[in-house]
Amino acid sequence: MSQPTVAIVLTGAAARGAFQAGALSRIAPALERQGLRPSIYLGTSAGAINAALWGSYAHLPAEVAAERVLALWRSMDRKNVYTHPALSLIRDGLRILPGSLLGVGNGLDSLLDTRPLAQTAQESLDTDQIAANVASGAVDAVGVAATRIPPATGKLPTPGDPMDRWHISHTHSVVFLDTTLDASAVADPDRAVRVAPTTIEAAHVLASAAIPVAFPAVEVQSPADYAGWYVDGGVRLNAPLRPAVALGADHLVVIAAHATRYPARTPHLPGDKPDLADSSSRI
């Protein structure tokens, strides 16, 4: 009897990505001890970061992989994600009034400067190892979901054009997926979900985690048929459950990062008014 296929689905988590990683660091080794080693990792936003990290360590025992993922999260702080908002304001201040308020020029593309996150991703995410692990069978699928933003200007397709209208003219979800499994059923046109077969790159992960307004949109260039600007996958596909089922998962392990229970009344505690950095970290 063949082993059941276990999929890990990691939802958007924003600043709670470390919590999500901690939960998986306990769950994955426990599954492995039961002979249920996960072979599919799918994620959105911060979940995409964790899915990619686990995909890059899939060739290692779960305990070792868990320690490496946790070590990375423990080493992270605000400086690895975005520059201080005051520095961003100085950088973009001259563009705010004419661009964003008067419609002149390009305007402001985000509240935060996330170039540090792009650098962190390039240094910490071993995308070559993800591809090698998928090719070797150490993991069967690694995928991240992002939201494609249509161009603000340009010629829209007309009837008879070879590409469907919504591919170009409407916001939709794209699951960037590296897999050896049959992925023909993963796309869901009725819900505007497309699938881009590709090796996972840092740009795909950064696009999945590009929180609208706070973070700038990310340009994805590969694969060419899916090139364009993307924002956080959680806008439309926060929990890629259907893609996991379509890939043949027998068991789903879904790790979210939002509370399921809240206190009946939250007391007001004295303290300073939260600044932009405080507020954005709680999204």
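Residues numbered from 1 in each chain as written. Predicted model: local features only at pLDDT ≥ 70, side-chain atom pairs only at ≥ 80, totals over all residues. Heavy atoms only, no water.

> Sorry if this is basic, but what is going on with the packing of aromatic side chains here?
Two descriptors summarise a pair of aromatic rings, namely the distance from one centre to the other and the angle between the planes of the rings. Taken as a whole, this structure holds two aromatic pairs when the rule is applied. A ring pair is formed by Tyr-41 and Trp-54, whose centres lie 6.2 Å apart and whose planes are at 20 degrees; its orientation type is stacked. In this pair, Tyr-41 sits in strand 2 (residues 40–44) while Trp-54 sits in helix 2 (residues 46–56), placing the two residues 13 residues apart along the sequence. Take Tyr-41 and Trp-54: they sit in the same class, and that class is buried. Both rings, one in Phe-176 and one in Tyr-230, keep their centres 5.4 Å apart while their planes meet at 65 degrees; by these two values the pair is edge-to-face. (Phe/Tyr/Trp six-rings, centres within 6.5 Å; stacked < 30°, edge-to-face > 60°. Helix = DSSP H or I, 4+ residues; strand = E, 2+ residues; numbered from the N terminus. Buried < 20%, exposed > 50% of the residue type's maximum accessible area, 1.4 Å probe, protein only.)

> Sorry if this is basic, but what is going on with the nonpolar core here?
Generally speaking, a soluble globular protein has its nonpolar side chains buried in company with each other. Formed by 54 residues in total, the largest nonpolar core has its most connected members in Leu-24, Trp-54, Phe-176, Phe-215 and Tyr-230. Ranked by the residues each element gives to this core, the list is headed by helix 3 (residues 62–75), at seven residues. Core analysis: the next-biggest nonpolar cluster, separate from the first, contains 15 residues, Ala-145, Val-193, Leu-237 and Leu-247 among them. (Core = buried A, V, L, I, M, F, W, Y, C linked by side-chain atoms within 4.5 Å.)

> How do you make sense of helix 1 (residues 17–33) when you look at a structure like this?
Helical periodicity: at 3.6 residues per turn, an α-helix aligns residues three or four positions apart in one direction. In this model helix 1 runs 25 Å from its N-terminal to its C-terminal C-alpha over 17 residues, within 8% of the 24 Å that 1.5 Å per residue would give. Every buried residue belonging to helix 1 is among Gly-17, Gln-20, Ala-21, Leu-24, Ser-25, Ala-28, Pro-29 and Leu-31, and all of these are buried. Trailing helix 1 by a residue or two, Gly-35 shows a phi angle of about 75 degrees, which is positive. (Expected span 1.5 Å × (residues − 1).)

> I would appreciate a short explanation of unusual backbone geometry in the present structure.
With the exception of glycine, most residues fall at negative phi, and the peptide bonds are largely trans. Across the junction of Ser-222 and Pro-223, the peptide omega takes the value -5 degrees, indicating a cis bond. Residue placement: Pro-223 occurs in the loop between strand 6 (218–220) and strand 7 (228–232). The backbone of Ala-192 sits at a positive phi, close to 55 degrees, despite the residue not being glycine. Position of Ala-192 relative to the elements: it lies in the loop between strand 4 (172–179) and strand 5 (193–197).

> Explanation requested: the pairing of strand 5 in the structure shown.
If a strand is regular, its side chains alternate between the two faces of the sheet. Buried residues dominate strand 5, accounting for four of its five residues. Examined bridge by bridge, strand 4 and strand 5 share five bridges and lie parallel to one another. Following the sheet pairing, Val-174 is matched in strand 5 by Arg-194. (Pairing = 2+ DSSP bridges.)

> I would appreciate a short explanation of the pairing of strand 4 in the present structure.
Most of strand 4 sits inside the fold, with seven of its eight residues counted as buried. Sheet analysis places strand 3 (residues 141–149) next to strand 4, joined by eight bridges and oriented antiparallel. By the bridge assignment for strand 4, Gly-143 is matched with Leu-177.

This is a description of form; function is not addressed.
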